[in-house]
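Breakdown of the fold
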Amino acid sequence: MHDTIRKRLSEGRVVVGSWMQLPNASLAEIMGRAGYDWVAVDLEHGSFGLESLPGIFRALELSGTVPFARVGQNSCKDIKQAIEAGARGVIIPMIETRQDLEQAVAWAKYPPQGRRGVGYSRANLFGQRFDEHFQSLNDELVIVAQIESIAAIQGLEDILTVPGLDAMMIGPYDLSASMNLTGNFEHPEFKQALLRAAEIAHRLHIPMGLHIVQPNPELLRRKVAEGYRFIAYGIDAVFLYNAAANPLASDSKPQPK
């Protein structure tokens, strides 16, 4: 196996990606040239239609960026459609039990590792690269479990021992909401949940990930130093509105008398 993201994660190296919620191929081409290892297309909270995915994935791949999909839900249909459109990594939301993850892996992998249906698709160039695709996909497809509830934290050791898992990723807003602490990331109980997750992931040699939504280079460096190895940095819309804000807007508004 060549130097794939899956291999780099297994060796403890850092991979940094980004996030897309806006369904535009030109924007995907820009994101693909921004220097990230991977970019995830958000099919849970973004506004992508299935027919737009092949073009988005092609645009990301132009500069060697690996296309990921955060699927809408943990289902056979969602996972299969994303992979067959060309995703080479899948991020599965709301993993709460070992059975949740075992099902996701089975739906994503061909036999004998899983039970994914075999057929022609855009991912294998509609059969022209079928043999190559079939042989490589089980070895190279990246599977990431999103841990987004306190129930998942409580059962994390069982979840992280599922064969086929490559990384885990904390969903901080949903995790905090499950603790009745929505958005309160400084609360001691929330911090303790993160520490517990980090300890289990480190002990089981599963790379731990998170999403830095608001771009902050110093925070990115700090999280790498803390041991995070699978990091999403920013979102296309956040990059846009941060850069697009009129620096004179506040000066031009009428001042209260």
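An account of the accompanying structure is given in this report. (Residues numbered from 1 in each chain as written. Predicted model: local features only at pLDDT ≥ 70, side-chain atom pairs only at ≥ 80, totals over all residues. Heavy atoms only, no water.)

1. A closer look at the overall build of the protein chain
Looking only at helices and strands, the protein chain has 13 helices and eight strands in total. Across the 257 residues in the protein chain, those meeting the buried criterion constitute 44%. Nonlocal contacts in the protein chain, meaning residues at least 24 apart in sequence, comprise 59% of its contacts between residues at least 6 apart. Of the roughly 12,800 Å² that the protein chain leaves accessible, carbon and sulfur atoms contribute 53%. (Helix = DSSP H or I, 4+ residues; strand = E, 2+ residues; numbered from the N terminus. Buried < 20%, exposed > 50% of the residue type's maximum accessible area, 1.4 Å probe, protein only. Contact = heavy atoms within 4.5 Å. Areas by Shrake-Rupley, 256 points an atom, 1.4 Å probe, with all protein chains shown as cover.)

2. Side note on helix 2 (residues 25–32)
An α-helical turn contains 3.6 residues, so a residue and the one three or four places further along point in the same direction. Turning to helix 2, its buried residues number three or more, namely Ala-28, Met-31 and Gly-32. Each buried residue of helix 2 lies within a common arc of 100 degrees when the element is viewed along its axis, so the set occupies one face. Facing away from the buried side of helix 2 by over 90 degrees, the exposed positions are Ser-26 and Ile-30. Among the structural elements, strand 1 (15–20), strand 2 (38–42), helix 3 (53–61) and helix 12 (236–244) are those in contact with the buried residues of helix 2. The backbone nitrogen of Ser-26 has a side-chain oxygen 2.9 Å away, supplied by the residue at the start of helix 2, namely Asn-24. (Arc of directions from axis to C-beta. Polar contact = N/O pair within 3.5 Å; in protein donor to acceptor, adjacent residues only side chain to side chain.)

3. Examining the packing of aromatic side chains
Taken as a whole, this structure holds six aromatic pairs when the rule is applied. With a centroid separation of 6.4 Å and 50 degrees between ring planes, the pair formed by Tyr-233 and Phe-239 is classed as tilted. Each member of the aromatic cluster is reached from another via a ring pair, and the members are Trp-38, Phe-68 and Phe-230. (Phe/Tyr/Trp six-rings, centres within 6.5 Å; stacked < 30°, edge-to-face > 60°.)

4. Description of the layout of surface pockets
One number sums up the size of the largest pocket: a volume of about 1,000 Å³. Taken together, 37 residues make up the lining of the largest pocket; nearest its centre are Met-208, Leu-210, Lys-223, Glu-226 and Tyr-228. The set of elements that each furnish at least two residues to the lining of the largest pocket consists of helix 1 (5–10), helix 9 (172–178), helix 10 (188–203), strand 7 (208–212) and helix 11 (217–225). Broken down by element, the residue count for the lining of the largest pocket peaks at seven residues, all from helix 10. (1 Å grid on protein atoms, 1.4 Å probe; cavity = no way out; pocket = protein on both sides within 12 Å on 5 of 7 lines; lining within 4 Å. Points joined across faces, edges and corners; volume = space filled by probe spheres on them.)

5. What about the pattern of salt bridges?
Taken as a whole and assessed by the stated rule, the structure comprises 13 salt bridges. Between Glu-11 and Arg-13 there is a salt bridge, and its shortest N-O distance comes to 2.8 Å. On the basis of relative accessibility, which here comes to 45%, the residue Glu-11 falls in the partly exposed class. Overall, the relative accessible area of 33% leaves Arg-13 in the partly exposed class. Between Glu-102 and Arg-98 there is a salt bridge whose closest N-O contact spans 3.0 Å. (Salt bridge = Lys/Arg side-chain N within 4 Å of Asp/Glu carboxyl O.)

6. Digging into the nonpolar core
With 59 residues, the main nonpolar core has Leu-60, Ile-147, Leu-160 and Met-168 as its most contacted residues. The contacts of Leu-60, once residues within four sequence positions are left out, are Met-20, Ala-28, Met-31, Gly-32, Val-39, Val-41, Thr-65 and Pro-67. Core analysis: the next-biggest nonpolar cluster, separate from the first, contains 17 residues, Val-15, Trp-38, Ile-91 and Ala-232 among them. (Core = buried A, V, L, I, M, F, W, Y, C linked by side-chain atoms within 4.5 Å.)

7. Quick look at unusual backbone geometry
Looking along the chain, the bond that leaves Pro-111 and enters Pro-112 is cis, with omega of 10 degrees. By the secondary structure assignment, Pro-112 is in the loop between helix 5 (98–108) and helix 6 (130–140). The residue Asn-180 is not glycine, and still its phi comes out positive at about 60 degrees. Position of Asn-180 among the secondary structure elements: in the loop between helix 9 and helix 10. When its relative accessible area of 72% is taken as the criterion, Asn-180 is described as exposed. One non-glycine residue, His-205, lies in the positive phi region at around 60 degrees. Tracing the chain through its elements places His-205 in the loop between helix 10 and strand 7.

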